[in-house]
Amino acid sequence: VRDIILSISSGINAEYGGSMEDGDIDALAEILGASSLLGSVDITSCSRPGLETGLKSPLADIRAAKVEQEVDMTEVNEIEVEETVAQIKNNDSSLTTCCFNNVQMDTEMVDSITSAMVRNTSVTKLEMCNCGVVDANIEGFITMLRSNKTLTSLSLETNKIAGKFLVELIKCLDTNETIKELRIANQYYSTGVGDEMAIAKALDKNSSLCKFSLNWKNGGSRNTADRIIMRNNDLARKKRRGLA
């Protein structure tokens, strides 16, 4: 992984200027190699109480066994959904992370969450893995991502979102400069090669996303996404150091 990063970083540095130090390279190697931010796994990054939703990646990965040991697959989320939605609507400053994982919702409830998030300025992390999110809900997430300037992390893994709607979700990030992490892996429906190519192309128009998960099947699209996320991480590093 480190050799690959050295090769990619040389191209990034040539195009954007500057240089990556050993510490930066090691950090990125750990991110891409150990955390599987661009991998085809992330298949158990949120617990799944049942087998009715989600597809496991056909690609074996030694990291999966380690993740399964750390995650309680029978975990029950006792969050008070309506109360939390009210807090989001009221812009409660004490609420910065919303974890709805494993709470099955109808379309109306999902839409009420995304609608409340449009004007919220406190929540920075929204987790809705295994919540029953479907294609009909994506327009609400698109509106949210185009309007909200505070949210930095969104997790929608293990839902029922078709490939063409994932493409539209990524396309809306062309004007979003605050989102840093997006997880959409392990959907019930498999993405096609065309969808993955469109996702990789859309990712190129965003410069803030530094962590991204999807069950890639097309190697070319995954490599393109790898380079884009590497580029964004390099840009973020330069901003932290006052070089951009």
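None of the values given here were measured: they were computed from a predicted structure.

Asks: Now, about the overall build of the protein chain: what can you tell me, with residues and values included?
Replies: The helix and strand inventory of the protein chain stands at nine helices and five strands. Moving toward the C terminus, one meets the helices and strands of the protein chain in the order α-α-α-α-β-α-β-α-β-α-β-α-β-α. The buried share of the protein chain, reckoned over its 244 residues, is 49%. Long-range pairs, those at least 24 residues apart, make up 78% of the contacts in the protein chain between residues at least 6 apart in sequence.

Asks: Tell me what's going on with the sheet that holds strand β5 (residues 211-213), and back it up with residues and numbers.
Replies: Here we have five strands laid out as an open sheet, ordered β1-β2-β3-β4-β5, and parallel in their pairing. Looking at which strands have only one partner, the edges of the open sheet turn out to be β1 (97-99) and β5. On average, each strand axis in the sheet is inclined to that of its neighbour by 5°, with strand direction left out of account. Both strand β3 (residues 153-155) and strand β4 (residues 181-183) contribute to a ladder of three bridges, which runs parallel. Among the inter-strand pairings, Ser 155 is bridged to a residue of β4, identified as Arg 183.

Asks: Go over helix α7 (residues 163-171) with me, naming the residues and quoting the values.
Replies: Within α7, the full set of buried residues consists of Gly 163, Leu 166, Val 167, Leu 169 and Ile 170. Down the axis of α7, the buried side of the element spans an arc of 160°, and every buried residue falls inside it. On the buried face of α7, the contacting elements are α6 (138-147), β4, α8 (193-203) and β5.

Asks: Lay out a negative patch on the surface with the relevant residues and their values.
Replies: On the surface, Glu 78, Glu 80, Glu 82 and Glu 83 cluster together to form a negatively charged patch. Among the secondary structure elements, Glu 83 is positioned in helix α4 (residues 81-89).

Asks: Give a description of the environment of Met 109 that names residues and reports values.
Replies: Here Met 109 shows up in helix α5 (residues 107-117). In this structure Met 109 touches Val 81, Glu 82 and Val 85, once residues within four positions along its chain are discounted.

Asks: Could you give an account of the pattern of salt bridges, with specific residues and numbers?
Replies: One pass over the full model with this rule turns up seven salt bridges. The partner of Arg 146 in a salt bridge is Asp 174, and the shortest N-O contact between them spans 3.3 Å. Of this pair, Arg 146 sits in helix α6 while Asp 174 sits in the loop between α7 and β4, and the two are 28 residues apart along the sequence. Of the charged contacts, one joins Glu 181 and Arg 183 as a salt bridge, the two residues approaching to 2.6 Å between their closest N and O atoms. Each member of the pair Glu 181 and Arg 183 is classed as buried. Through salt bridges with shared partners, a single ionic network connects Asp 234, Arg 237 and Lys 238.

Asks: I'd like a rundown of the confidence of the model for the protein chain, residues and numbers included.
Replies: Looking at the protein chain, pLDDT values average 81 and 69% of them are 70 or higher. Below a pLDDT of 50 lies the segment residues 33-37, which in the model reaches 16 contacts outside its immediate sequence neighbourhood of four places, other chains included. Note that pLDDT drops below 50 for residues 39-73; the model gives that stretch 75 contacts with residues more than four away or on any other chain.

Asks: Mind laying out the packing of α5 against α6, listing which residues take part and the relevant values?
Replies: The interhelical angle for the contact between α5 and α6, taken along N-to-C directions, is 10°, at an axis separation of 8 Å. With respect to α6, the element α5 is oriented roughly parallel. Within the contact between the two elements, α5 uses Val 110, Thr 114 and Met 117 and α6 uses Gly 140, Phe 141 and Met 144. Here the residues of the contact of α5 with α6 are counted per class, giving four nonpolar, two polar and no charged.

Asks: Mind laying out the side chain of Asn 102, listing which residues take part and the relevant values?
Replies: With respect to the helices and strands, the residue Asn 102 is situated in the loop between β1 and α5. Only 3.1 Å separates the side chain of Asn 102 from the side chain of Asn 130, close enough to count as a polar contact.

Asks: Outline the packing of aromatic side chains, listing residues and values.
Replies: Throughout the structure, instances matching the rule amount to two aromatic pairs. With centroids separated by 5.2 Å and ring planes inclined at 85°, the aromatic side chains of Tyr 188 and Tyr 189 adopt a geometry described as edge-to-face. When the ring of Phe 212 is compared with that of Trp 216, the centres are 6.1 Å apart and the planes differ by 55°; the resulting orientation is tilted. Here Phe 212 matches Trp 216 in class, with each residue buried. Over the face of the ring belonging to Tyr 188 we find Lys 160, whose NZ or CZ atom lies 5.1 Å from the ring centre.

Definitions and cut-offs
Residues numbered from 1 in each chain as written. Predicted model: local features only at pLDDT ≥ 70, side-chain atom pairs only at ≥ 80, totals over all residues. Heavy atoms only, no water. Helix = DSSP H or I, 4+ residues; strand = E, 2+ residues; numbered from the N terminus. Buried < 20%, exposed > 50% of the residue type's maximum accessible area, 1.4 Å probe, protein only. Contact = heavy atoms within 4.5 Å. Pairing = 2+ DSSP bridges. Axes fitted to C-alpha atoms, helices over the stretch in contact; angles between N-to-C directions. Arc of directions from axis to C-beta. Patch = residues over 30% accessible without salt bridge, like charges linked within 9 Å, V, L, I, M, F, W, Y side chains within 5 Å. Areas by Shrake-Rupley, 256 points an atom, 1.4 Å probe, with all protein chains shown as cover. Salt bridge = Lys/Arg side-chain N within 4 Å of Asp/Glu carboxyl O. Lys, Arg positive; Asp, Glu negative; His and termini not counted. Charge placed at Lys NZ, Arg CZ, Asp CG, Glu CD. pLDDT = per-residue confidence, 0-100. Parallel < 35°, antiparallel > 145°, perpendicular 65-115°, else oblique. Nonpolar A, V, L, I, M, F, W, Y, C, P; charged D, E, K, R; others polar. Polar contact = N/O pair within 3.5 Å; in protein donor to acceptor, adjacent residues only side chain to side chain. Phe/Tyr/Trp six-rings, centres within 6.5 Å; stacked < 30°, edge-to-face > 60°. Lys NZ or Arg CZ within 6 Å of the ring centre and 35° of its normal.

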